[in-house]
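Notes for the structure review
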Amino acid sequence: MQAMGDSLEARVHEVQERIAAAARAAGREESEITTIVVTKFHPAELVRELYALGIRHVGENRHQEAVAKHAELAELDLTWHFIGQLQSNKARAVAEYAQVIHSVDRPSLVEALARQDREVDVFLEINLTDVPGRGGVLPAELEALCEAVLQVPVLNLRGVMAVAPVDEEPSRAFERVLGYAERVRSLAPEARELSIGMSGDFEAAIALGATHLRIGTAITGKRPAGA
Ligand SMILES: *Cc1c(COP(=O)(O)O)cnc(C)c1O
């Protein structure tokens, strides 16, 4: 049985209130912050319920799942954000339904995205761990990746994305992101946005200037088993 107040609606409202409070505490406007609800591993029906609650941005990390949900929900006025590791051979297909790709992390993926003609907003994902291959560009390769994106007219560079490592204080990790974001802005002054902040750390992310939060479990509840 569901505990009182533990409905999807209650969780959406609770998270929205926490976001508003964190924005106020940071002296920021809530309107600068886009909340993406990460619906991976949940059925299209959940996305429909979120839509009825006013959610307009959803995030997915696997192409197969995202393309199916998007097809099922094509009539809804949603913005689809792709946030997962993306194989180059899926790039074109993802650009068909995702208006924003947060996980651009290597030049070969940029090349693949350049071979299609849809305009897509992109974030450069930065790997904050010492483990290569985790998803995200290593900081040393950030400028080269940024230059590659800037060569492609259909790609709008919006900023940087990162996931705080599990073994580091999120605020410290996000402060490092601010330094990388500055490096990107010196090449692309318009690319000012920051996709940082998940269920466990979105308040810290807001304090440090997050413009895009990617929130899953705090809103959707636990992901189904196997996720
Ligand atoms: C799953 C996921 C999220 C959401 O994580 P929660 O901890 O459930 O909020 C955010 N960003 C990325 C890249 C993810 O894969």
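Predicted, not measured: the structure shown is a model, and the values here were computed from it. Chains are numbered independently. Their residues run from 1 in the order of the written sequence. Local features in this predicted model are restricted to residues whose pLDDT is 70 or higher, and side-chain atom pairs enter the listing and the counts only when it is 80 or higher, whereas totals over whole chains, interfaces and linings include all residues. Side-chain descriptors were evaluated using all non-hydrogen atoms of the structure, hydrogens and water having been removed beforehand.

**Some thoughts on the pattern of salt bridges**
Note on definitions: salt bridges are taken to be side-chain nitrogens of Lys or Arg within 4 Å of carboxyl oxygens of Asp or Glu. Under the counting rule described, the total for this entry stands at 16 salt bridges. A salt bridge links Arg-18 to Glu-14; the nearest nitrogen and oxygen atoms lie 3.7 Å apart. With a gap of four residues between them, Arg-18 and Glu-14 both fall in helix α1 (residues 8–25), about one helical turn apart. The rule is simple: take the accessible area with a 1.4 Å probe, protein chains only, and divide by the maximum for that residue type; under 20% is buried, over 50% is exposed, in between is partly exposed. Note on Glu-14: relative accessible area 43%, which makes it partly exposed. Note that Arg-18 and Glu-203 form a salt bridge whose closest N and O atoms lie 2.9 Å from each other. With Arg-18 in helix α1 and Glu-203 in helix α8 (residues 202–207), the pair connects residues that are 185 residues apart, well separated along the chain. Given a relative accessible area of 28%, Arg-18 falls into the partly exposed group. In this text, helices come from DSSP runs of H or I with a minimum length of four residues, and strands from runs of E with a minimum of two, each type numbered from the N-terminal end.

**Considering the pairing of strand β3 (residues 79–82)**
Pairing between strands is defined by DSSP: at least two bridges between the two strands are required. Across four bridges, the pairing between strand β2 (residues 57–60) and β3 is parallel. Its bridge partner lying in β3, Glu-60 is registered against Phe-82. By convention a crossover is right-handed if, when the strands point away from the viewer, the path from the first strand over the helix to the second runs clockwise. Assessed by its sense of winding, the connection that carries the chain from β2 through helix α3 (residues 63–72) to β3 is right-handed. Summarising the sheet, β3 and strand β4 (residues 100–104) pair through two bridges and their orientation is parallel. Bridging across to β4, Phe-82 finds its partner in Ile-101. Traced from β3 through helix α4 (residues 91–97) to β4, the parallel crossover comes out right-handed.

Spatial relationships are all this shows, so hold off on functional conclusions.
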